[in-house]
Amino acid sequence: MEGGKILVRLNRYLSMCGVASRRKAEELILEGRVKVNGLPVRELGWRVDLEKDVVEVEGREVRPSPYKYILLYKPCCYLTALGEPKEGKKTLQELIEKVRERVYPAGRLDYNAEGLLLLTNDGELANRIMHPRYKLPKTYLVWASGEVSEETLWKMGKGAKLEDGFAKPDSVRLLRHERDRSFLEIVFHEGRKHIVKRFLSHFGHRVLKLKRVAIGPLNLGNLKPGQWRELTEEELRKLRKALGLPYIGSLSRR
Ligand code: URA
């Protein structure tokens, strides 16, 4: 802050807009592709007034996203819902009490499943996370009942007809066996309800424990059950790219 102004370095500003990483943004600046208030700026230390300055990259105005993106580790035994507990079941509300914005889960996890959820007020991005058309892979680690044989694994890879249509994982791997249970990694880019449970049940295996460890380029990292944090600029940029949202997509064209 300087005299009430909020100033940020130009490369950070560009990264906040999802244009490029801070390092790549420096290259754009040095190459003379960035203007502030209509004038080219090649100075790396240049600082932008968040309130007033107009920044353009190659003639397009760029602005930081007005949206909020929260990465949450949903613990087991929470409903993927907001608001008051329902029928004695806790909701995500109590975990994100400190988030002031109204954000909604982009996708769901079953009550007894755990793992990664993105909550946001960016509807377009949320739709793309959930819609199979955008093919964003979601990675699950699963303990399944019984011994998943090599043959079953091969069949799983080919897909199966479920009651609401065909389902085929992007990949499925057996990580290990343990007496009467099997540990699998399974990746789906669709979000039909109970997709993993129904898919495994088709092959005669019950899900004992299910954890989503990644959504596209986002992963659980160091988050512990019940913890959340905001997406980093880098993560948001990667996610937008994976969803085919170019940085100019959310930004206004002059
Ligand atoms: N598939 C399921 O069966 N449950 C989940 O929570 C997520 C994917």
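Residues numbered from 1 in each chain as written. Predicted model: local features only at pLDDT ≥ 70, side-chain atom pairs only at ≥ 80, totals over all residues. Heavy atoms only, no water.

Some thoughts on the sheet that holds strand E2 (residues 34-36)
Move 1: With respect to topology, four strands assemble into an open sheet ordered E3-E2-E5-E6, the strand pairing being antiparallel. The sheet is open, and its two edges are formed by strand E3 (39-40) and strand E6 (60-62), each paired on a single side.
Move 2: Where strand E5 (residues 55-57) and E6 come together, three bridges link them in antiparallel fashion. Looking at the pairing, Val55 lines up with Val62 of E6. (Pairing = 2+ DSSP bridges. Helix = DSSP H or I, 4+ residues; strand = E, 2+ residues; numbered from the N terminus.)

Here we look at the site of the ligand
Move 1: Around the ligand, the neighbouring residues are Leu109, Asp110, Ala113, Tyr140, His194, Ile195, Val196, Lys197 and Leu210.
Move 2: A distance of 3.3 Å separates an oxygen atom of the ligand from a polar atom in the backbone of His194.
Move 3: For the ligand, the accessible surface in isolation is 240 Å², of which the surrounding protein chains cover 97%.
Move 4: The element best represented in the shell around the ligand is helix H5 (residues 195-202), accounting for three residues.
Move 5: Partitioning the shell around the ligand into residue classes produces six nonpolar, one polar and two charged. (Near = heavy atom within 4 Å. Polar contact = N/O pair within 3.5 Å; in protein donor to acceptor, adjacent residues only side chain to side chain. Areas by Shrake-Rupley, 256 points an atom, 1.4 Å probe, with all protein chains shown as cover. Nonpolar A, V, L, I, M, F, W, Y, C, P; charged D, E, K, R; others polar.)

With respect to the pattern of salt bridges
Pairing between side chains of opposite charge can happen when their charged atoms approach one another.
Move 1: Scanning the model with the defined rule gives 22 salt bridges in all.
Move 2: The partner of Glu163 in a salt bridge is Arg198, and the shortest N-O contact between them spans 3.5 Å. Separated by 35 residues along the polypeptide, Glu163 in the loop between strand E11 (160-162) and strand E12 (165-167) and Arg198 in helix H5 bring together distant segments of the chain.
Move 3: Its relative accessible area of 17% is what places Arg198 among the buried residues.
Move 4: With a shortest N-O distance of 3.0 Å, Asp164 and Arg198 are connected by a salt bridge. Taken together, the residues span a long stretch of sequence, with Asp164 in the loop between E11 and E12 and Arg198 in helix H5 at a distance of 34 residues.
Move 5: When salt bridges that share partners are traced, they join Glu163, Asp164, Glu190, Arg192 and Arg198 into one network. (Salt bridge = Lys/Arg side-chain N within 4 Å of Asp/Glu carboxyl O. Buried < 20%, exposed > 50% of the residue type's maximum accessible area, 1.4 Å probe, protein only.)

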